[in-house]
Amino acid sequence: MTDQKEYLKSDSLIAAHYGEEYEHYYNAIVPPVFMNSLNVFETLDDYYDFDRTDRHKYCYGRVQNPTVRILEDKIAALEHGCGALALASGMAAASTAVFSTIKAGSHVVCLKNAYGPLKDLLTGYCREHMNVETTFVKGVEVSEFEAVITDKTDLIVLESPSSLVFSLQDIRKVSEIAHAHQAKVYIDNTYCTPLYQKPLDMGADIVMHTTSKYIGGHSDVIGGMLVTKDPELFAKLLHNRELFGGIVGPMEAWLMIRGLRTMATRLEQHQKTAMEVAKFLEEQPMVEKVYYPGLPSHPQYELMKQQQTGNCGLLSFELKGTLEQAVRFAESLKIFKIGVSWGGFESLVFLPHMRLNDQTCEELGASQRIVRIHCGLEGTESLISDLRSALERIY
Ligand SMILES: *Cc1c(COP(=O)(O)O)cnc(C)c1O
């Protein structure tokens, strides 16, 4: 039997081998998809004494599944957590985390630039049904959190870097403030992946990943992940996942295990291309501003270096001129396809603000013209040439 501890020595080893007990699957180098809803027992006592935390014991597919467990063990190891839970989407993970940390009448502090549907959950369902009050902050200064936190604050929602204007939050300092008020810190770590940022080491309580992005990596799967290093919180999340019923399917988990094996290599290329694209865009006279945390011109570049070991293929920029020109630019691209997601092999372009009003845009810190692109794996030169042609056609 392989010593699993051997695999904990590096992130690449974890991604490739950790959590996979080859001797249990006829030494197949790829674990099987346990496509089953049920596991059976020898005796009734075996069933009633069943321990949900034992990785060799399973009872029912909504509770746990051996393929899902391999994925979870890998992500927990990569994030330095005590356990991880895979769910059916990023939002299934986000909502399970929210409902496990707040109660009726809670106060929540949330990043203004956090993922839109999560903000809608807080200001919609949670306010209407649970009388939850949410205060939004830009989050660039630590003092903003200090100014709004109260003894009723149970949760602080972060996303660093945020995925449109790429603003960062000081995870260590915000966690200290939160813990002084017995509040939990939740952070969406999808942008950095477990490879480029370890928020639990900096004091965050719950890390969330949308595995639909780089962990899946091939735009063929939807999923989410929660990780914590607090065993009490983990038990609560596990219990609630079982009650809310949001576990990911075994086939999806298997695809994510496959995605993890190449994630480090893919990310290196996404990052390299995005960096070159960002520099190219910064030099274009029609480009007003480029948002990418890897650029030394990023206002929080120093904080980025303290918290992250890399950046990914997602970036945005504001074009000079009119909204119509920005729209024509996006529609003139040939390799970059119009689409909302990111983290797959393909290059994408989107204008997330084009239908927002001026006031909302100002609050979010970017105009209607902001263009978000995901730099895929089609090759740096092809992508830059596509961007250059589209710019030439418009200006
Ligand atoms: C895509 C995304 C989500 C939501 O994930 P789903 O799997 O679509 O529910 C959450 N946060 C970020 C930063 C995302 O990009």
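Since the model is a prediction, treat every value here as computed from it, not as a measurement. Each chain carries its own residue numbering, running from 1 in the written order of its sequence. Totals for whole chains, interfaces and linings use all residues, but because this is a predicted model, local features are given only for residues with pLDDT of at least 70 and pairs of side-chain atoms are given and counted only at 80 or more. Hydrogens are left out, water is left out, and the side-chain values use all remaining heavy atoms of the structure.

A. The arrangement of the pairing of strand 2 (residues 107-111) in detail. Where burial is concerned, most of strand 2 is hidden: five out of the five residues are buried. Accessibility here uses a 1.4 Å probe with only protein chains present; expressed as a share of the type maximum, an area under 20% marks a residue as buried, one over 50% as exposed, and anything in between as partly exposed. The secondary structure listing takes helices from DSSP runs of H or I that are at least 4 residues long and strands from runs of E that are at least 2 residues long, numbered from the N terminus. Where burial is concerned, the two faces of strand 2 agree: the one with His-107, Val-109 and Leu-111 and the one with Val-108 and Cys-110 are both buried. If DSSP finds at least two bridges between two strands, the strands pair. Sheet topology note: the strand 2/strand 3 (residues 133-137) ladder contains five bridges and is parallel. Bridge assignment links His-107 to a residue of strand 3, and that residue is Glu-133. Pairing of strand 2 with strand 4 (residues 153-159), which is carried by four bridges, proceeds in the parallel orientation. Within strand 4, the residue paired with Val-109 across the bridge is Ile-156.

B. Seen up close, helix 5 (residues 90-101). Look at helix 5: 17 Å from first C-alpha to last across twelve residues, which is about the 16 Å you get at 1.5 Å a residue. Of all the positions in helix 5, only Gly-90, Ala-92, Ala-93, Ala-94, Ser-95, Thr-96, Ala-97, Val-98, Ser-100 and Thr-101 are classed as buried. Each residue after the first adds 1.5 Å to the expected span of a helix.

C. A look at the packing of aromatic side chains. Classification of ring pairs rests on two measures: the distance between centres of Phe, Tyr or Trp rings, Trp counted by its six-membered ring, which must be within 6.5 Å, and the angle between planes, read as stacked under 30 degrees, edge-to-face over 60 and tilted in between. Inspection of every chain in the model, using the stated rule, returns ten aromatic pairs. Ring geometry for Tyr-47 versus Tyr-48: centroids 5.0 Å apart, planes at 80°, classification edge-to-face. Judged by centre distance (5.4 Å) and plane angle (55°), the rings of Phe-166 and Tyr-191 are tilted. Residue Phe-166 is located in the loop between strand 4 and helix 8 (171-180), and its partner Tyr-191 is located in the loop between strand 5 (184-188) and helix 9 (193-196); the two are separated by 25 residues in the primary sequence. We classify Phe-166 as buried; its relative accessible area is 0%. Grouped by ring-pair contacts, the aromatic residues Phe-41, Tyr-47, Tyr-48 and Phe-50 constitute a single cluster.

D. Fine view of the sheet that holds strand 3. Read from one edge to the other, the open sheet built from seven strands follows the order 1-7-6-5-4-2-3, with strand pairing classed as mixed. Taken across any chain shown, the strands that pair with only one partner, and hence form the sheet edges, are strand 1 (83-87) and strand 3. When the angles between neighbouring strand axes are averaged without regard to direction, this sheet yields 20°. The pairing of strand 6 (residues 206-210) with strand 7 (residues 224-228) spans four bridges and is antiparallel. Its bridge partner being in strand 7, Met-208 is matched across the sheet by Leu-226. For this analysis, residues touch if any pair of their heavy atoms sits within 4.5 Å. Here the axes come from fitting lines to C-alpha atoms, over the contacting stretch only for helices, and the angles between their N-to-C directions go from 0 to 180 degrees. The strands touched by helix 8 are strand 4 and strand 5; relative to strand 5, the strand with the most contacts, the crossing angle is about 150°.

E. Here's a closer look at the nonpolar core. Definition used in this section: a nonpolar core is a set of buried Ala, Val, Leu, Ile, Met, Phe, Trp, Tyr and Cys residues joined via side-chain atoms within 4.5 Å. Formed by 92 residues in total, the largest nonpolar core has its most connected members in Leu-71, Ile-156, Leu-281, Leu-315, Phe-317, Phe-329 and Ile-373. Broken down by element, the residue count for this core peaks at 14 residues, all from helix 11 (residues 250-283). Residue assignment places this core across two domains, with domain 1 (4-259) and domain 2 (283-394) each supplying three or more. Among residues more than four places away in sequence, those in contact with Leu-281 are Val-287, Val-290, Leu-315, Phe-317 and Ile-373. For the domain bounds, the source is a domain assignment made automatically or taken from a database.

F. View of the sheet that holds strand 8 (residues 287-291). Spatial strand order, 8-9-12-11-10: five strands in an open sheet with mixed pairing. Each edge of the sheet is formed by a strand with only one pairing partner; in this case those strands are strand 8 and strand 10 (337-338). Pairing analysis gives three bridges linking strand 11 (residues 348-350) to strand 12 (residues 371-374), with the strands arranged antiparallel. The residue bridging Leu-348 from the neighbouring strand is His-374, located in strand 12. Running over the sheet, helix 11 touches strand 8, strand 9 (314-319) and strand 12 and is turned about 10° from strand 9.

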